[in-house]
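One letter stands for each residue in the lines below.
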Amino acid sequence: MKPAYEKPVIRKLQTGVMNKFGRSPAYARKIRSDIDGVAIDDLVEKFGSPLFVYSERVIRQKHRQVHTAFSTRYPNVIFGWSYKTNYLNAICSLMHQQGSIAEVVSEMEYDKARALGVPGEKIIFNGPHKSPAALEKAAREGAMINIDQMDEIYDLEKVSAKLGRPLNIGMRINLDCGIYPQWSRFGFNLESGQALEAAKRIKSGGKLILNGLHCHIGTFIVDASAYGRQVEKMAAFGYEIEKAFSFSIEYLDIGGGFPSRSRLRGIYLPPEVALPSIDEYAEAVTHALAKALRPGDFPKLILESGRALIDEAGWLVTTVLSAKRLPDGTRAYVADAGVNLLFTANWYKFNIELDRETGGINEQSVIYGPLCMNIDVVDEAVLLPPLTRGTRLVISPIGAYNHTQSMQFINVRPASVLIGERGEVDLIREAEDLTDITRREKVPSRFAQPKPK
Ligand SMILES: Cc1ncc(COP(=O)(O)O)c(C=O)c1O
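Just so you know, these numbers come straight off a predicted model, no measurement behind them.

Calculation criteria
- Numbering of residues begins from 1 in every chain and follows the order in which that chain's sequence is written.
- Thresholds applied to this predicted model are a pLDDT of at least 70 for local features of residues and 80 or more for the giving and counting of side-chain atom pairs; totals over whole chains, interfaces and linings are not thresholded and use all residues.
- A run of H or I in DSSP counts as a helix once it spans at least four residues, and a run of E counts as a strand once it spans at least two, with each numbered from the N terminus.
- Between the two quantities, the radius of gyration covers C-alpha atoms and the globule rule is 2.2 Å times the number of residues to the power 0.38.
- Each residue is classified by how many other C-beta atoms fall within 10 Å of its C-beta atom, where C-beta atoms are placed from the backbone; a count of 20 or more means buried, 12 or fewer means exposed, and values in between mean partly exposed.
- Note on contacts: residues are paired as contacts if their backbone-placed C-beta atoms lie within 7 Å.
- Being near a molecule or strand means, for a residue, that its backbone-placed C-beta atom lies within 6 Å of it.
- Only Asp, Glu, Lys and Arg are considered charged in this grouping, and only Ala, Val, Leu, Ile, Met, Phe, Trp, Tyr, Cys and Pro are considered nonpolar; every other residue, Gly among them, is considered polar.
- For this analysis, nonpolar core means a set of buried Ala, Val, Leu, Ile, Met, Phe, Trp, Tyr and Cys residues linked through C-beta atoms within 7 Å.
- By convention here, the domain bounds are inherited from an automatic or database domain assignment.
- Only the stretch in contact is used when a helix axis is fitted, and all axes are lines through C-alpha atoms; the angle between N-to-C directions ranges over 0 to 180 degrees.
- The cut-offs work like this: below 35 degrees is roughly parallel, past 145 is roughly antiparallel, 65 to 115 is roughly perpendicular, and the gaps in between are oblique.
- Helix crossings are classified by the rotation of the near helix relative to the far one: an anticlockwise turn of less than a right angle makes the crossing left-handed, while a clockwise turn makes it right-handed.
- Here a crossover is taken to be right-handed if, once the strands point away from the viewer, the path from the first strand over the helix to the second is traced clockwise.
- When DSSP finds two or more bridges between a pair of strands, those strands are recorded as paired.
- By this rule the span expected of a helix is its residue count minus one, scaled by 1.5 Å.
- The reported arc concerns the directions from the helix axis to the C-beta atoms and nothing else.

1. Re the overall build of the protein chain
Looking only at helices and strands, the protein chain has twelve helices and 22 strands in total. The globule rule puts the C-alpha radius of gyration for 453 residues at 22 Å, and the 25 Å found for the protein chain is close to it. Judged by the C-alpha coordinates and their principal axes, the protein chain covers about 80 × 75 × 45 Å. Looking at the protein chain residue by residue over its 453 residues, the buried ones come to 42%. For the protein chain, the proportion of contacts with a sequence separation of at least 24, taken over those separated by at least 6, is 70%.

2. Quick notes on the site of the ligand
Surveying the vicinity of the ligand reveals 16 residues, the closest of which are Thr219, Gly256, Glu304, Gly306 and Arg307. Its residues assigned to classes, the shell around the ligand shows three nonpolar, ten polar and three charged.

3. Some details on the nonpolar core
Judged by nonpolar contacts, the single largest core of 118 residues is most densely connected at Val53, Ile123 and Met171. With seven residues, the single largest contributor to this core is helix α10 (residues 278–292). Among the domains, domain 1 (26–53 + 312–433) and domain 2 (126–305) are the pair contributing at least three residues each to this core.

4. Here we look at the packing of helix α2 (residues 56–71) against α10
Here α2 crosses α10 at 30 degrees, and the two axes come no closer than 9 Å. Regarding the angle of α2 to α10, the classification is roughly parallel. For the pair α2 and α10, the sense of crossing is right-handed. Along the contact surface, α2 presents Gln65, Val66, Ala69 and Phe70, while α10 presents Ile278, Asp279, Ala282 and Thr286. Taken together, the residues of the contact of α2 with α10 sort by class into five nonpolar, two polar and one charged.

5. Quick look at the domain arrangement of the protein chain
The domain boundaries assigned to the protein chain delineate domain 1 (26–53 + 312–433) and domain 2 (126–305). Using only C-alpha atoms to locate each centre, domain 1 and domain 2 end up separated by 37 Å. Contacts between the two partners involve six residues from domain 1 and, on the opposite side, six residues from domain 2.

6. Section: unusual backbone geometry
Cis rather than trans, the peptide bond between Ser49 and Pro50 has omega equal to 0 degrees. Positionally, Pro50 belongs in the loop between α1 (40–47) and β3 (51–55). Cis rather than trans, the peptide bond between Ser396 and Pro397 has omega equal to -10 degrees. By secondary structure assignment, the location of Pro397 is in the loop between β20 (392–396) and β21 (415–419). At Asp36, a residue that is not glycine, the phi angle is positive and equals roughly 50 degrees. Take Asp36: there are 19 C-beta atoms within 10 Å of it, and that puts it in the partly exposed class.

7. A few points about the packing of helix α7 (residues 194–205) against helix α8 (residues 225–245)
The contact between α7 and α8 brings their axes to 11 Å, and the two run at 35 degrees. Like other packed secondary-structure pairs, α7 and α8 cross with a definite hand, here right-handed. Contact with α7, carried on its side by Ala195, Ala199, Lys200 and Lys203, involves Phe237, Ile241 and Phe245 of α8 and no other residues of that element. Residues that form the contact of α7 with α8 fall into these classes: five nonpolar, no polar and two charged.

8. What to know about the pairing of strand β8 (residues 167–174)
For β8, a buried count of six out of eight residues is recorded, marking the element as mostly surrounded by other parts of the structure. Each parallel crossover has a hand, and the one from strand β7 (residues 144–147) via helix α6 (residues 150–163) to β8 is right-handed. In this structure, β8 lies alongside strand β10 (residues 208–214), joined through six bridges in parallel fashion. Pairing of Ile169 across the sheet is with Leu210, part of β10. Pairing between β8 and strand β9 (residues 188–189): two bridges, direction parallel.

9. What about α7?
Here α7 is twelve residues long and its end C-alpha atoms lie 17 Å apart, about the 16 Å a rise of 1.5 Å per residue gives. Within α7, the full set of buried residues consists of Ala195, Ala198, Ala199 and Ile202. The buried residues of α7 occupy one face: seen down the axis, they fall within an arc of 100 degrees. Elements that come into contact with the buried residues of α7 comprise α6, β8, β9, β10 and α8. Of the residues flanking the end of α7, it is Gly206, one or two places downstream, whose phi is positive at about 75 degrees.

10. Let's talk about the pairing of strand β5 (residues 101–104)
Of the two faces of β5, both are covered, the one formed by Ile101 and Glu103 as well as the one formed by Ala102 and Val104. Relative to β5, strand β4 (residues 77–82) runs parallel, the two sharing three bridges. Paired with Ser82 across the strands is Glu103, a residue of β5. After leaving β4, the chain enters helix α3 (residues 89–97) and then returns to the sheet as β5, a path that is right-handed. Crossover β5 to strand β6 (residues 123–125) through helix α4 (residues 107–115) is right-handed.

What follows is the structure, given as C-alpha cells:
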C-alpha cells in the first residue's frame, strides 16, 4: 500500500524519555496481538471497534487472590461486589458465582441485583440517597442497609412501624485514618461524636437495631497501614456502642479502595513498585482486628473491593482513524474511542499496546478520541512509532469504572465481550445503535417533519 503523503516538519529528534540507556523504554513498544489467546483482529472483525473486552480467567484469578489473602487470615470474611465499579450483568453474575454478594448504591443497582436473582439478604445497600420507597423494599427483602444520614433513620423508623417489626441496620461512619482529603461527606463522623449521637438516636427511637458498621475510606488507597487504623477505630467504636446502648455489632464492613495495578497520573514509579501487594492490605486489616477485637469475637469482615478485582481484567480495543501533525509539530492520532468510553483517562495513564509490529522512531504523540470536543484526549504524551490508519491500540487496565461511566455522547456505546477460560468469546452487551438514543424521545406533533411525497 502506498503510504499517505504527509508534509514534512522539522522537529528535534526525541528518542524517548531520558534513561541511562538513552533509548525509549521498552513499554513504549509493547505489542499485543491477542487477549487470552483470542486474536484482536478476530475480535474486531466479529464485534467491531471500539470494543470492551473482559477476561473471565483474570476476574476469577483476582477474586481468588484477594479472597484468599483475607480468608486465610480471618475466619469470617464476606465479599460484596461493588456494582458501580462494573455492573455489566455477566460481570456481576461471575462475581456472584465466585461467592460475592452484591453491594449497591442506588435503587437502580438494587433492582439490577434482584433481577440477577440475588436475594435481598445478600445485598448490601449503601449510598448517600435511598428513597423511602427503596428503603422499604430493601427492608422487606432483608437487605443489609447501611444508613448514611439522620433522615434515613427517620425514614426507616417509619418503615419499621409500617412493617410492625424492628429492623436491623448498619451505620456508615467516616473517620480519620490518615487518608486525606477525608471522605467525610458520607456517613456519620466518628471523631466529632456525630456517629455516637446517631447511635443514641437510633436507640432512643426503639425501632431500629444497630448491628453493623460500615466505612469506606476512599479509592486507590496506596497506604496499606491506613486500613489498620480504620479497622481499629471501627472495632473500638463497635464496643463503645455495645457498652453504651447494648447493640451487638455483627459486621464490620470496611468498604473497598485497594488499588489496581494501574498508573495514576503524576506517580512516576510503575504500579508493581509503587503499590503494596494485596497481602500487605490483608495483613494490615487482620492484624488490626486481632489487636482490637476481644478474644473469640469474630464479627463478619465485609469487603467491597471493586477496582482491585476487575480493572486488570478489562481492555478497550480502539482503532487509529487518522494521523496528523499539530502546528507545533507534535504527532497526533484520532482513535475511535475517547473519553466517552474512558472516563478514567483523567486520572490514569493507561498501557497502550499496538496490535502489530511497526517500524520507525518513537515520538511523543497525542491520542485523541473521536469526539468534537477539545477535552477528548486519551493520552497527551505517549511514545509511539509512526502508526498507520487501521492500527489497533489495546488500552488497559480499564475494567473498573469505565463501562459504567461510559456515555452516549456524540457516539453510541460499542459492544462488550467476555473471553471465557477455554477461549470462548461471549457477547455480553451488544453495540448500541440510534434506537438506543432515541427510544424514549418524543417530538411534539407540531414539529414533525412532513412525510416525503
Ligand atoms: C461504598 C463503596 N464501597 C466500595 C467501593 C469500591 O471501591 P474500590 O473500587 O476503590 O475498591 C466504593 C467506591 O468508591 C464505595 O463508594
